[in-house]
Amino acid sequence: MFARQGLSLYTQDEQVLRVKQSMIRIARKRILLVDESKFHFSALNHVADLSVFDVVIIPQTVDERIIQYLQQNGINLELV
């Protein structure tokens, strides 16, 4: 889940939080794959800023304003 600002990854589950942060920490290449439903919610636990990912893969169906906002803020996107 993402913050309203769209630049952070969040999760509801504290155990999932630790696992995701560990995976991000040890990964050689950090890739995040999300669908358009994740851009409209936030959650309690901050996992990471999107800037830590080498690439964020999102569908072309995501609102163009969100895509532009992410690109303007230096997020490396791949549209599929």
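Parameters at a glance
- Residues numbered from 1 in each chain as written.
- Predicted model: local features only at pLDDT ≥ 70, side-chain atom pairs only at ≥ 80, totals over all residues.
- Heavy atoms only, no water.
- Core = buried A, V, L, I, M, F, W, Y, C linked by side-chain atoms within 4.5 Å.
- Buried < 20%, exposed > 50% of the residue type's maximum accessible area, 1.4 Å probe, protein only.
- Helix = DSSP H or I, 4+ residues; strand = E, 2+ residues; numbered from the N terminus.
- Contact = heavy atoms within 4.5 Å.
- 1 Å grid on protein atoms, 1.4 Å probe; cavity = no way out; pocket = protein on both sides within 12 Å on 5 of 7 lines; lining within 4 Å.
- Points joined across faces, edges and corners; volume = space filled by probe spheres on them.
- Nonpolar A, V, L, I, M, F, W, Y, C, P; charged D, E, K, R; others polar.

The chain is annotated in an unreviewed UniProt entry as DeoR/GlpR family transcriptional regulator of sugar metabolism of Pararhizobium capsulatum DSM 1112.

Asker: Would you explain the nonpolar core in this entry?
Answerer: Generally speaking, nonpolar side chains in soluble globular proteins are found buried as a group. Ranked by internal contacts, the top residues of the largest apolar core, which has 17 residues, are L32, L50, F53, V56, I58, L70 and L77. For this core, the secondary-structure elements that each account for two or more residues are helix 1 (14-26), strand 3 (45-49), strand 4 (55-58) and helix 2 (64-72). Sequence-distant contacts of F53, defined by excluding residues within four places in its chain, comprise L9, I24, R30, I31 and L32.

Asker: When you look at the layout of surface pockets in this model, what are you seeing that I'm missing?
Answerer: Empty space among the atoms can be located by rolling a probe the size of a water molecule over them. Considered as a void within the structure, the largest pocket measures approximately 150 Å³ in volume. Lining the largest pocket we find L9, K20, M23, I24, K29, R30, I31, L32, L33 and F53. Mapped onto the lining of the largest pocket, the elements with two or more residues apiece are helix 1 and strand 2 (31-33). Looking at the lining of the largest pocket residue by residue, the classes come out as seven nonpolar, no polar and three charged.

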